[in-house]
Amino acid sequence: MATTKQLKQCPSSPNCVSSQTDSGDHYVPPISYNGPSKQAYETIVDILKSMKRTKIVEEEPDYIHAECKSRIFRFTDDIEFLFDKEKKVIDIRSASRMGYSDFGVNRKRVEKIKHKFINYKSVKGQS
């Protein structure tokens, strides 16, 4: 059964990206995977644990929420992952809690995580 849970919506400000939005400025594609869902989940956890100033604050069987602190001002950003085991995709949302513009930080963070996920799979021999 596919999950019915949704990630939080992005505000109108340009400091958020999500794979569950229709807004072109905020949209990022979800992460696709081929192997077992448990392995994809564990990979995301490993990636988050390897990221500086990032702390996992909530873990559920199909959901992860982490907080990322900026290096200089220690602003907190939220990053969420929602696993759809049927579709074999990971919906993702990254958003600043404060301010208006993030200078592309959240989009860059999502792209970096996707890159690490793809490379992690190839290093670990997953398909």
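An account of the accompanying structure is given in this report. Not measured: the values here are computed from a predicted model.

## Observations regarding a positive patch on the surface
A grouping of Lys52, Arg53, Lys55, Lys69, Arg71, Arg74 and Lys112 is seen on the molecular surface, where their side chains present a positively charged patch. Following the sequence through the fold, Arg53 ends up in the loop between helix H1 (37-50) and strand S3 (54-60). Taking the relative accessible area as the measure of exposure, Arg53 reaches 37% and is therefore partly exposed.

## A few points about the state of the cysteines
Within the structure shown, the criterion is met by 1 disulfide. The thiol of Cys68 is unpaired, and the distance to the nearest cysteine sulfur, on Cys16, comes to 13 Å. The exposure class of Cys68 is buried, given its relative accessible area of 3%.

## Remarks on the packing of aromatic side chains
By the definition in use, this model includes 1 aromatic pair. Here Tyr41 and Phe83 contribute two aromatic rings whose centre-to-centre distance is 5.0 Å and whose plane-to-plane angle is 45 degrees, an arrangement assigned as tilted. Taken together, the residues Tyr41 in helix H1 and Phe83 in strand S5 (residues 76-84) connect sequence positions 42 residues apart. Residue classification places Tyr41 among the buried positions, given a relative accessible area of 13%. What makes Phe83 buried here is its relative accessible area of 3%.

## Some thoughts on the pairing of strand S6 (residues 89-96)
For S6, a buried count of 8 out of 8 residues is recorded, marking the element as mostly surrounded by other parts of the structure. Note: strand S1 (residues 16-18) against S6, 3 bridges, orientation antiparallel. Within the sheet, the bridge partner assigned to Cys16 lies in S6 and is Ala95. As defined by bridge partners, strand S2 (residues 31-32) adjoins S6 across 2 bridges and the pair is classed as antiparallel. Opposite Ser32, over in S6, you have Val89 as the bridge partner. In this antiparallel pair of consecutive strands, S5 and S6, the connection spans 4 residues, and Lys88 shows a positive phi of 55 degrees.

## Points about the pairing of S3
Sheet topology note: the S3/strand S4 (residues 63-69) ladder contains 6 bridges and is antiparallel. Its bridge partner lying in S4, Glu58 is registered against His65. If you look at the hairpin formed by S3 and S4, you'll find 2 residues sitting between the two strands.

## Focus: a nonpolar patch on the surface
The grouping of Ile72, Phe73, Phe75 and Met98 at the surface amounts to a nonpolar patch, some 500 Å² of accessible area in total. Position of Phe75 among the secondary structure elements: in the loop between S4 and S5. Take Phe75: its relative accessible area is 42%, and that puts it in the partly exposed class.

## Some thoughts on the pattern of salt bridges
Applying the stated criterion across every chain yields a total of 4 salt bridges. Of the charged contacts, one joins Arg109 and Asp77 as a salt bridge, the two residues approaching to 3.0 Å between their closest N and O atoms. Remark: Asp77 occurs in strand S5 and Arg109 occurs in helix H2 (residues 105-124); sequence separation between them is 32 residues. The class of Arg109 is buried, set by a relative accessible area of 12%. Residue Arg97 is joined to Asp78 by a salt bridge in which the shortest nitrogen-to-oxygen separation is 2.8 Å. Linking Arg97 in the loop between S6 and H2 with Asp78 in strand S5, this pair joins segments that are 19 residues apart in sequence. Classification of Arg97 as partly exposed rests on a relative accessible area of 46%. The structure contains a network of salt bridges with shared partners spanning Glu67, Asp78 and Arg97.

Cut-off values and rules
Residues numbered from 1 in each chain as written. Predicted model: local features only at pLDDT ≥ 70, side-chain atom pairs only at ≥ 80, totals over all residues. Heavy atoms only, no water. Patch = residues over 30% accessible without salt bridge, like charges linked within 9 Å, V, L, I, M, F, W, Y side chains within 5 Å. Areas by Shrake-Rupley, 256 points an atom, 1.4 Å probe, with all protein chains shown as cover. Salt bridge = Lys/Arg side-chain N within 4 Å of Asp/Glu carboxyl O. Lys, Arg positive; Asp, Glu negative; His and termini not counted. Charge placed at Lys NZ, Arg CZ, Asp CG, Glu CD. Helix = DSSP H or I, 4+ residues; strand = E, 2+ residues; numbered from the N terminus. Buried < 20%, exposed > 50% of the residue type's maximum accessible area, 1.4 Å probe, protein only. Disulfide = S-S within 2.5 Å. Phe/Tyr/Trp six-rings, centres within 6.5 Å; stacked < 30°, edge-to-face > 60°. Pairing = 2+ DSSP bridges.

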